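Per-entry structural report
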Amino acid sequence: MKKHIDLVVGARPNFMKAAPLVAELGRHPDHFSPRLIHTGQHYDHNLSQMFFEQLKMPRPDIFLGVGSGTHAEQTAKIMLGLEQEFMKNRPDFVIVFGDVNSTLATAIVAAKLDIRLGHVESGLRSFDNTMPEEINRIVTDRLSDLLFVSEKSGLENLEAEGIHKDKVFFTGNIMIDSLINNYEVAGQSDILSKLSLSPKEYVAMTLHRPANVDNKEIFEGLLTVINKIGERIPIIFPCHPRARKNLEEFGLLNNVNPGALKLIDPLGYLDFLKLQSEARFILTDSGGIQEESTYLNIPCITMRNNTERPITVEIGSNIITGVDSKKVLEAANQILEGRGKKGRIPDLWDGKTAERIVAILLQKL
Ligand code: UD1
């Protein structure tokens, strides 16, 4: 009998993780009947719809349209919408991705309705409970029946938390499936010429973590060091709405030296992949970009005190500097002097993660 599987996505970093699995499930029409649900956590065209188009994902079957709000508001709205949907049309299995509020809300609803749950990108831990994502990861993993792990630290973390190893599968990094699938098309992006950039002569930056951009002093301190780096090599900053809003509210727009730091609107998946892959290095506080830069072997400076993705530091091209200006500057100078960190590609980051997950679903469901 065909299994009815609901895949739930909500925010930008979910979409590139879901796309390969949606495609792979579609290759088994006799076994699976998948349904794509979008919570609407992200709703701006260039944080949401553009990704669906570029990743060639089908339009969501269901759109909950929850929008923004406090954590409780957003999580609760997703829970209310999903509960109704699951009760009306009960799936056999639900799959969630990553660590956003949509992931957590879905996990709680599925578990309470006794619907089996799979978590893709399971086991990552920053051990920093001030990050909303850490709470989302811990709860989702605790409630999941099948846990698909992207790097070996995930296996260790889940074991330490007492999660039975029969539920845990090291399937690799599904985001790298998307990167590999789209690398050639992204190569044709004209984003460099649009921004008048030459390969290796600029830095690509993202910055949107609440810990960095919701705090005026920290944001201001980061801008100072970023301007300094930008005096040596221009920095391109596709600016997340959260960061943009706070730049305005904190009155920090004047602290941006336009000759050093260029603010642009958030980019689509293909343009950003091109921007990353040709950059001299990456400055970020994002999770996924630490992994993409490791795969691309581009030096990455992560302006956070920790990472839930330690493999990117152990064998990848990532360095953790925190928000200490001296450390950020030192890391940037090292790269500019040709002493940037080189890395290797971690195990099972090979473009076949979706295949491995579907093979397990065929066996287990
Ligand atoms: C969310 C994820 C974060 C992820 C990030 C990537 C959680 C807890 N956080 O953070 O892990 O790295 O997405 O983008 O789920 N906004 C818009 N347009 C949108 C969406 C949001 O303008 O389409 C603005 C709103 O002002 C909103 C704010 O951004 O209040 C924050 O959005 P939210 O979805 O709460 O969290 P992100 O910061 O995007």
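Residues numbered from 1 in each chain as written. Predicted model: local features only at pLDDT ≥ 70, side-chain atom pairs only at ≥ 80, totals over all residues. Heavy atoms only, no water.

**Here we look at the sheet that holds strand 8 (residues 203–205)**
Strand order in this open sheet of six strands is 10-9-8-11-12-13, and the pairing throughout is parallel. Of all strands in the sheet, those bounded by a partner on one side alone are strand 10 (261–264) and strand 13 (318–320). The sheet shows a mean angle of 20° between the axes of neighbouring strands, direction not considered. (Pairing = 2+ DSSP bridges. Helix = DSSP H or I, 4+ residues; strand = E, 2+ residues; numbered from the N terminus. Axes fitted to C-alpha atoms, helices over the stretch in contact; angles between N-to-C directions.)

**Some points on the packing of aromatic side chains**
For the coordinates displayed, the defined rule picks out four aromatic pairs. When the ring of phenylalanine 148 is compared with that of phenylalanine 169, the centres are 6.1 Å apart and the planes differ by 35°; the resulting orientation is tilted. Residue phenylalanine 148 is found in strand 6 (residues 146–149), and its partner phenylalanine 169 is found in strand 7 (residues 168–170); the two are separated by 21 residues along the sequence. Here phenylalanine 148 matches phenylalanine 169 in class, with each residue buried. (Phe/Tyr/Trp six-rings, centres within 6.5 Å; stacked < 30°, edge-to-face > 60°. Buried < 20%, exposed > 50% of the residue type's maximum accessible area, 1.4 Å probe, protein only.)

**Re the environment of alanine 111**
Considering the arrangement of structural elements, one finds alanine 111 in helix 4 (residues 101–112). With 34 residues separating them along the chain, alanine 111 and aspartate 145 place their C-alpha atoms 9.4 Å apart.

**Here's the deal with the site of the ligand**
The local shell around the ligand holds 20 residues, among which Gln41, His42, Tyr43, Glu133 and Arg242 are the closest. Contact between the ligand and glutamine 41: an oxygen atom at 2.8 Å from a side-chain N or O atom of the residue. Tyrosine 43 places a main-chain nitrogen or oxygen 2.7 Å from an oxygen atom of the ligand. Taken by itself the ligand offers 740 Å² of open surface, and the protein chains cover 89% of this. For the shell around the ligand, the secondary structure elements donating two or more residues are helix 1 (12–26), helix 3 (71–88), helix 5 (132–143) and helix 11 (241–249). Taken domain by domain, the makeup of the shell around the ligand includes at least three residues from each of domain 1 (3–172 + 349–364) and domain 2 (190–336). (Near = heavy atom within 4 Å. Polar contact = N/O pair within 3.5 Å; in protein donor to acceptor, adjacent residues only side chain to side chain. Areas by Shrake-Rupley, 256 points an atom, 1.4 Å probe, with all protein chains shown as cover. Domains from an automatic or database assignment.)

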